[in-house]
Amino acid sequence: MKFRCERDDLLDAVQFGLRAISNRATLPVLSGLKVDLELTMGTAFRASVDEPGIAIVPGRLLGEMSRSLAAGQVLVASGNGELEIDSGRGRFRMKTLSKEDYPALPLDDEVAGAMSIEVAGGVMATALSQVIKSASADESRQVLT
């Protein structure tokens with residue numbers, strides 16, 4: 001995988017993705033961000049893709065590195081179990097996580113057959129306010145949060 005993009009575009013996308021990462025992930029790979037074109041929590045940014053591919057990188061570390069980059073063009077490349085990020089004078093290198101360990105995500109075909117509904121914002125807010133008090137704050141049991 002290899003692509004070029006603007007630092008601010010990358011930083012916005014990474015920070016968006018970091019919202020979905022738990023501090024106490026049950027699998028180490030779930031603390032990473034999957035960098036490809038098929039995301040469950042999706043965000044997009046402009047990039048010139050030289051080599052398509054997928055990389056799983058530690059999410060929080062990528063966020064910190066993205067904030068440290070100089071403004072302007074960023075080159076991101078992966079290979080041999082590493083991801084390299086170049087921007088101006090800054091160069092970062094980190095180990096990637098195993099793609100095989102990452103859980104399978106729904107395919108576009110599965111999502112296309114899903115049912116969609118519309119709910120008024122006020123109705124949704126009322127419904128959520130009635131059930132939010134029963135949600136657990138313990139992130140170690142994700143299903144209860």
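A quick note: this is a predicted structure, and the numbers were derived from the prediction, not measured.

**Focus on the sheet that holds strand β5 (residues 73-79)**
- The strand order β3-β1-β5-β6-β7 describes an open sheet built from five strands, whose pairing is antiparallel. Bordering the open sheet on either side are β3 (47-51) and β7 (90-95), each of which pairs with just one other strand. Neighbour to neighbour, the strand axes of the sheet diverge by 15° on average, direction disregarded.
- Contacting β1 (2-6) and β5, helix α1 (residues 7-18) crosses the sheet at an angle of about 100° to β1.
- Seen against the sheet, helix α2 (residues 59-68) touches β6 (82-87) and β7 and runs at an angle of roughly 175° to β7.

**Side note on the pattern of salt bridges**
- Counted by the stated rule, this structure contains seven salt bridges.
- Residue Arg4 is joined to Asp50 by a salt bridge in which the shortest nitrogen-to-oxygen separation is 3.5 Å. Taken as a pair, Arg4 in strand β1 and Asp50 in strand β3 lie far apart in primary sequence, 46 residues in all.
- For Arg4, a relative accessible area of 33% gives the class partly exposed.
- For the salt bridge of Glu82 with Arg93, the shortest nitrogen-to-oxygen distance reads 3.4 Å. Within this pair, whereas Glu82 is found in strand β6, its partner Arg93 is found in strand β7, the two being separated by 11 residues in sequence.
- For Glu82, a relative accessible area of 25% translates into the label partly exposed.
- Owing to a relative accessible area of 52%, Arg93 belongs among the exposed residues under this scheme.
- It is possible to trace a salt-bridge network through shared partners that takes in Glu82, Glu84, Asp86, Arg91, Arg93 and Lys95.

**With respect to the packing of α1 against α2**
- Running from N to C, α1 and α2 cross one another at 150°; their axes reach a closest spacing of 9 Å. When the axis of α1 is compared with that of α2, the two are roughly antiparallel. The two elements α1 and α2 meet at a crossing, and its hand is left-handed. Contacts from Arg7, Leu10, Leu11, Val14, Gln15 and Leu18 in α1 reach Gly59, Arg60, Leu62, Gly63, Ser66 and Arg67 in α2.
- For the contact of α1 with α2, the class distribution of residues is five nonpolar, four polar and three charged.

**Some points on the nonpolar core**
- Judged by nonpolar contacts, the single largest core of 18 residues is most densely connected at Leu83 and Ile85.
- Taken together, the elements giving at least two residues each to this core come down to β1, α1, β4 (55-58), α2, β5 and β6.
- The dominant element in this core, judged by the number of residues it contributes, is α1, at three residues.
- Residues contacting Ile85, with those up to four places away along its chain left out, are Leu62, Met65, Leu69, Val74, Leu75, Val76, Gly90, Arg91, Phe92 and Met94.

Cut-offs used in this document
- Residues numbered from 1 in each chain as written.
- Predicted model: local features only at pLDDT ≥ 70, side-chain atom pairs only at ≥ 80, totals over all residues.
- Heavy atoms only, no water.
- Pairing = 2+ DSSP bridges.
- Helix = DSSP H or I, 4+ residues; strand = E, 2+ residues; numbered from the N terminus.
- Axes fitted to C-alpha atoms, helices over the stretch in contact; angles between N-to-C directions.
- Contact = heavy atoms within 4.5 Å.
- Salt bridge = Lys/Arg side-chain N within 4 Å of Asp/Glu carboxyl O.
- Buried < 20%, exposed > 50% of the residue type's maximum accessible area, 1.4 Å probe, protein only.
- Parallel < 35°, antiparallel > 145°, perpendicular 65-115°, else oblique.
- Left-handed = near helix turned anticlockwise from the far one by under 90°.
- Nonpolar A, V, L, I, M, F, W, Y, C, P; charged D, E, K, R; others polar.
- Core = buried A, V, L, I, M, F, W, Y, C linked by side-chain atoms within 4.5 Å.

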